[in-house]
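Given next are the chains, with one letter for each unit.
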Amino acid sequence: MSRPRYSRQLWLFLAASFSFGLSQAFVMLFLNFYLRALGLGPEWQGIINALPALTLAAVSLPLVVLARRLSNARVIQLGAALSVLGLTLLALAPGALLAVAGALLQGMGSAALAVSGAPFMANNSTEKTRVGLFTLQSALMVGAGFVGNLLGGQLPGLYAAWTGVDPGSLEALRTAMLMAAALQLLGALPTLGLRPSGKPSQPGRSGALSIQDKPTMFRLVLPTMFVGLGAGATIPFLNVYIEGRFGISYASLGTLFAWTSLATAVTVLIQPWLVRRLGQLSAVLAVQASSLPFLVLLGFAPYLWMVTVALFMRGALMNATGPVYSSYAMSVLPEADRPMYSATNTILWSGSWALASLGSGALRASGWFDFGTNFNILFAFTLLMYLCNTLAVYLGVYLPDRRGELRRQDADLPSG
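Residue numbers run consecutively from 1 along every chain, following the written order of its sequence. Reporting of local features is limited, given that this is a predicted model, to residues whose pLDDT is at least 70; pairs of side-chain atoms are given and counted only at 80 or more, and all residues count toward the totals for whole chains, interfaces and linings. The side-chain figures draw on all heavy atoms in the structure; neither hydrogens nor water molecules are used.

In the nomenclature of an unreviewed UniProt entry, the chain corresponds to MFS transporter from the organism Deinococcus piscis.

In structure tokens, the structure reads:
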């Protein structure tokens, strides 16, 4: 058996990613139901779902400066600590004020992890191992989603059986959120072993936020805006949509999301094979385009089994391309631009996600349409944005790459 290709630093980061994925699964499954149990309606659900994304957009650029001066490893450690604190406050919130504070802190932590995670992996890997590494990290995250959703969906029922309260009670849902905070803490522990490799980067004459290759940066990050707008309108509220439309239990909902995560993990793991057969960008385009018919089914199919199949396939196909696209971006950008790419990508995605999430919550709270019509409008908007994303990748990245306008960087040697 051959020795592992990755360093101890990368295995620590991957271990943290798995636990963070478990925590995120609990949050995605229960946050809207928990807020509802606190007495916060759709408008507050939209706001609190949007706050982490808004915070991501606000603090990402300062975090780039911090990462260049300290290191990606130190910023990851800071992000892990802030995420633990934010989730704990959110889980203990008696009302809107502390929930907002927790969401803001969680957003700061997520920003730190998003800004420094990809550059940390890129700088500690080689061109030959990078696609596999990004794929493995993404598969661990979504695989953790399978475990987290499967176990998390059972938690309110188990707590209810033990204490005699209703599974939908505030106490049962608070317990699930506290478990999410505990899993976040478990993920923060491996990050304590991360160490900077090399000297911290110092900004040159053009400043800490300079971009060496602006045209390539613009081409790479533009599609993110469309994905954020489309996803923010519907994805945070899939639990509310499916529960409200088909009346299924938390346990069944958790199982449904768990199998969706597993399908995504399997699809992520076959991405290196697709890349070898098609090339990186061709694989991204093929998989994203294949997801669009399933998005139509997810939003408009009349039966739960059809929505279930669509949920599996759409999530698996759309989410699976992320690591391949990130790996490609890291390969065509200069090393100095990599943290800036992560930050810009984060700002565009989270800002557009937050805007769409706020609009989604406002639409559902307005009373203009009934439950079904609201979600028909939202899914139609999501489909339009995902179509724009696919076109932006094809016209702005794939065709220029074919023409030789995007140059591969010499990234074979790991660095700091």
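### Some thoughts on helix α6 (residues 155-163)
Structurally, the α-helix is built with 3.6 residues per turn, so residues lying three or four positions apart point the same way. Of all the residues in α6, the buried ones are Leu155, Pro156, Tyr159 and Ala160. Considered in projection along α6, the buried side chains sweep an arc of 135° and stay on one side of the axis. Exposed residues pointing more than 90 degrees away from the buried face of α6 are listed as Leu158, Ala161 and Trp162. For helices the rule is a DSSP run of H or I covering at least 4 residues; for strands it is a run of E covering at least 2, with both sets numbered from the N terminus onward. Of the residues flanking the end of α6, it is glycine 164, one or two places downstream, whose phi is positive at about 85°. For the exposure calls, accessible area comes from a 1.4 Å probe over protein chains only, and a residue counts as buried if that area is under 20% of its type's maximum, exposed if over 50%, partly exposed in between. The arc in question is the one spanned by the directions pointing from the helix axis to the C-beta atoms.

### Topic: the nonpolar core
Definition of nonpolar core: a set of buried residues of the types Ala, Val, Leu, Ile, Met, Phe, Trp, Tyr and Cys, connected through side-chain atoms within 4.5 Å. Counting residues in each nonpolar core, the largest one holds 62 residues, and the members touching the most others are Met177, Leu238, Ile242, Leu298 and Tyr386. Here this core gets nine residues from one element, more than from any other, and that element is helix α1 (residues 8-37). Here, two residues are considered to be in contact whenever any of their heavy atoms come within 4.5 Å of each other. Apart from residues no more than four positions distant in its own chain, tyrosine 386 is found in contact with Val227, Gly230, Ala231, Ile235, Leu292, Leu295, Arg314 and Met318. Phe13, Val75, Ala80 and Ala122 belong to the second-largest nonpolar core, a separate cluster that totals 53 residues.

### Examining the pattern of salt bridges
Just to be clear on terms, a salt bridge is a Lys or Arg side-chain nitrogen sitting within 4 Å of an Asp or Glu carboxyl oxygen. All told, the structure shown has one salt bridge when counted by the stated rule. Taking the shortest distance from any N to any O, the salt bridge between arginine 36 and glutamate 243 comes out at 3.3 Å. Of this pair, arginine 36 sits in helix α1 while glutamate 243 is found in helix α9 (residues 238-246), placing the two residues 207 residues apart along the sequence. What makes arginine 36 partly exposed here is its relative accessible area of 39%.

### Considerations on the packing of aromatic side chains
Aromatic contacts are taken between Phe, Tyr and Trp rings whose centres are within 6.5 Å, Trp giving its six-membered ring; a plane angle under 30 degrees counts as stacked, one over 60 as edge-to-face, and the others as tilted. Enumeration according to the criterion identifies eight aromatic pairs in this entry. Plain terms: the ring middles of tyrosine 241 and phenylalanine 375 are 5.0 Å apart, the flat faces sit at 45° to each other, and that makes the pair tilted. Residue tyrosine 241 is located in helix α9, and its partner phenylalanine 375 is located in helix α16 (residues 371-402); the two are separated by 134 residues in the primary sequence. For tyrosine 241, a relative accessible area of 2% puts it in the buried group. Accessibility expressed as a relative area gives 1% for phenylalanine 375, which makes it buried. Of the aromatic side chains, those joined through ring pairs into one cluster are Tyr241, Phe371, Phe375 and Phe379. Our definition puts a charge over a ring when NZ of Lys or CZ of Arg is within 6 Å of the ring centre and also within 35 degrees of the ring normal. Positioned over the ring face of phenylalanine 237 is arginine 364, at 4.4 Å from the centre of the ring.

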